[in-house]
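Geometric and topological summary
Residues per chain are reported as follows:
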Amino acid sequence: MKCDKDVVNLMHGYLDDDLTKEDETKLRNHLEDCEACQKHFHELKRSITLLKSVEQVKAPENFTKQVMQNLPTEKKHKKYVRWFKMHPVVTAAAIFFVLMFSGLFTAWEQDSQLTVSKQEDIIIKGDTVIVPEGVTVEGDLVVKNGNLKIEGTVEGDVTLINGKLLKKEESMNGDVLLASAGDINGEFKQVNQIFDWILYHLNNFFKSIFSLGE
Amino acid sequence: MDLMIREKIKQVKKGDQAAYEDVVMYYQDKIFQHCYRMLGNAHEAEDIAQEAFIRAYVNIHSYDEKRKFSTWLYRIATNLTIDRIRKRKPDYYLDAEVKGTDGLDMYSQLATNERLPEEEVQGMELQSYIQDEISNLPPKYRSIIMLRYLEEFSLQEISDILDIPLGTVKTRIHRGREALRKKLRHV
């Protein structure tokens, strides 16, 4: 083999890991015999080593910061969208609360009419609901948006929403007497504030869950 | 690491600018170094490297996730450096006539530096000598030699980065090595 282009090509093939076994042996055999080619090959390998010895340079300090500052600004709404995407639980909770409270408030607004849960034997005078003397109401009694006067007996829980419990004597002559209200054989609950009202609803909700469980 | 970058790129594509910071942080040294070796000048290298990252961000949607991000980024950086080299070339034309002289060109303005390469090496730090010799390679060889030996890409990856056929990469790396050999044999 002559020391021509072919040998040099083989050298470069070798450096690129691109030689067949055969070519590699061919190159090796030639290099053993030819000093000039040996030198050439050595110089090639040495220049690569020298090249690799070049110091690594590092990017200047603040490089990243500068790049970030020079990026086109992202749209504002994208920022919010990203935030919501990154906090799905918070987002879901926020939506839930907004819907729940708006629902409750509308319900509260709509509920301004006087309602009584039971009608039998009960007298309604204006905004006052009277359980007359001698009458016994079986079961729970709920009065919304009205006052309640109990002269008889209620066999169960009484709930007053947005109203007052009037004493027997009070309404008759205006004096505040310590006369007891009629008999309530159960719990008495009075709900005035909106939050009490919410609590009352939640309470009912949980009670219904538990009673379902029973 | 690749997985982390892949994830960050996905976030950037969705419009998350903050995720890009980690990407820049991860590649800043590599890209800066690449630009520095291509341009031989730290100031210009910083300019171009920044520009490369900004271009990559702006065009992130044209990045195909099936390919390597580094390949894509290097391609942007390489193209920008080559553009820069082309643009500044007119300033350096040595055979341009010097104004106000009669037929004298820039060659006549150069000091004769007929020093032997050995002397040159002695007068200069080896490191900066090598850097100079890299800078003196024609850009099309320089980029390949650097990608191969300083950034250790495979020939196939280089062909992807520069968007030239593998055969051309082989021819150029061959010539580039020969050119370097001639310059560094005296060291």
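Residues numbered from 1 in each chain as written. Chains lettered and ligands numbered in written order. Predicted model: local features only at pLDDT ≥ 70, side-chain atom pairs only at ≥ 80, totals over all residues. Heavy atoms only, no water.

As for the overall build of chain B
In terms of helices and strands, chain B carries nine helices and zero strands. Listed by position from the N terminus, the elements making up chain B come as α-α-α-α-α-α-α-α-α. Looking at chain B as a whole, 43% of its 187 residues qualify as buried. Taking the intrachain contacts of chain B between residues at least 6 apart in sequence as the baseline, contacts between residues at least 24 apart amount to 59%. Summed over all atoms, the accessible surface of chain B reaches about 10,200 Å², with 48% contributed by carbon and sulfur. (Helix = DSSP H or I, 4+ residues; strand = E, 2+ residues; numbered from the N terminus. Buried < 20%, exposed > 50% of the residue type's maximum accessible area, 1.4 Å probe, protein only. Contact = heavy atoms within 4.5 Å. Areas by Shrake-Rupley, 256 points an atom, 1.4 Å probe, with all protein chains shown as cover.)

Details of the nonpolar core
Counting 72 residues, the largest nonpolar core has B:Tyr20, B:Ile31, B:Phe53 and B:Phe69 as the members making the most contacts within it. By residue number, the principal contributor to this core is helix H2 (residues 18-39) of chain B, which donates eleven residues. Ignoring anything within four residues of it in the chain, the contact list for B:Tyr20 reads A:Met68, A:Leu71, B:Val12, B:Phe53, B:Ala56 and B:Tyr57. Counting residues in each nonpolar core, the second largest holds 14 residues, with A:Ile122, A:Val137, A:Leu148 and A:Leu165 among its members. (Core = buried A, V, L, I, M, F, W, Y, C linked by side-chain atoms within 4.5 Å.)

A short note on the packing of helix H8 (residues 155-162) of chain B against helix H9 (residues 166-184) of chain B
Residues and elements named next belong to chain B. Following both chains from N to C, one finds H8 and H9 inclined at 105°, their axes separated by 9 Å at the closest point. The angle between the axes of H8 and H9 places the two elements in the roughly perpendicular class. In this structure, H8 contributes Leu155, Gln156, Ile158 and Ser159 to the contact, and H9 contributes Leu166, Val169, Lys170 and Ile173. The class makeup of the residues in the contact of H8 with H9 is five nonpolar, two polar and one charged. (Axes fitted to C-alpha atoms, helices over the stretch in contact; angles between N-to-C directions. Parallel < 35°, antiparallel > 145°, perpendicular 65-115°, else oblique. Nonpolar A, V, L, I, M, F, W, Y, C, P; charged D, E, K, R; others polar.)

Some thoughts on the packing of aromatic side chains
All names here are of chain B. Tallied over the entire structure, the rule returns 13 aromatic pairs over all chains. Measuring from centroid to centroid gives 4.9 Å for tyrosine 26 and tyrosine 27, while their planes differ by 75°, and the two rings are edge-to-face. Taken together, Tyr26, Tyr27, Tyr63, Phe69 and Trp72 form an aromatic cluster joined through their ring pairs. (Phe/Tyr/Trp six-rings, centres within 6.5 Å; stacked < 30°, edge-to-face > 60°.)

Focus on the interface of chain B and chain A
Opposite the 40 residues of chain B that make contact, chain A presents 35 residues. Joining chain B to chain A, the criterion identifies five salt bridges. Salt-bridge contacts for B:Arg185 lead to A:Glu43; the nearest nitrogen and oxygen are separated by 3.8 Å. Counting the contacts that link chain B with chain A gives 14 residue pairs in polar contact (both at pLDDT 80 or more). Only H2, helix H3 (42-58), helix H6 (126-136), helix H7 (139-149) and H9 of chain B provide two or more residues apiece to the side of chain B that touches chain A. Per element, the largest residue contribution to the side of chain B that touches chain A is eleven residues, and it comes from H2(B). Tallied by class, the residues present in the side of chain B that touches chain A amount to 22 nonpolar, seven polar and eleven charged. (Salt bridge = Lys/Arg side-chain N within 4 Å of Asp/Glu carboxyl O. Polar contact = N/O pair within 3.5 Å; in protein donor to acceptor, adjacent residues only side chain to side chain.)

Concerning H3(B)
All names here are of chain B. Look at H3: 24 Å from first C-alpha to last across 17 residues, which is about the 24 Å you get at 1.5 Å a residue. Every buried residue of H3 is listed here: Glu44, Ala45, Ile48, Ala49, Gln50, Ala52, Phe53, Ile54, Ala56 and Tyr57. Regarding H3, its N-cap is asparagine 41, as a side-chain oxygen of that residue lies 2.8 Å from the backbone nitrogen of histidine 43 further along. (Expected span 1.5 Å × (residues − 1).)

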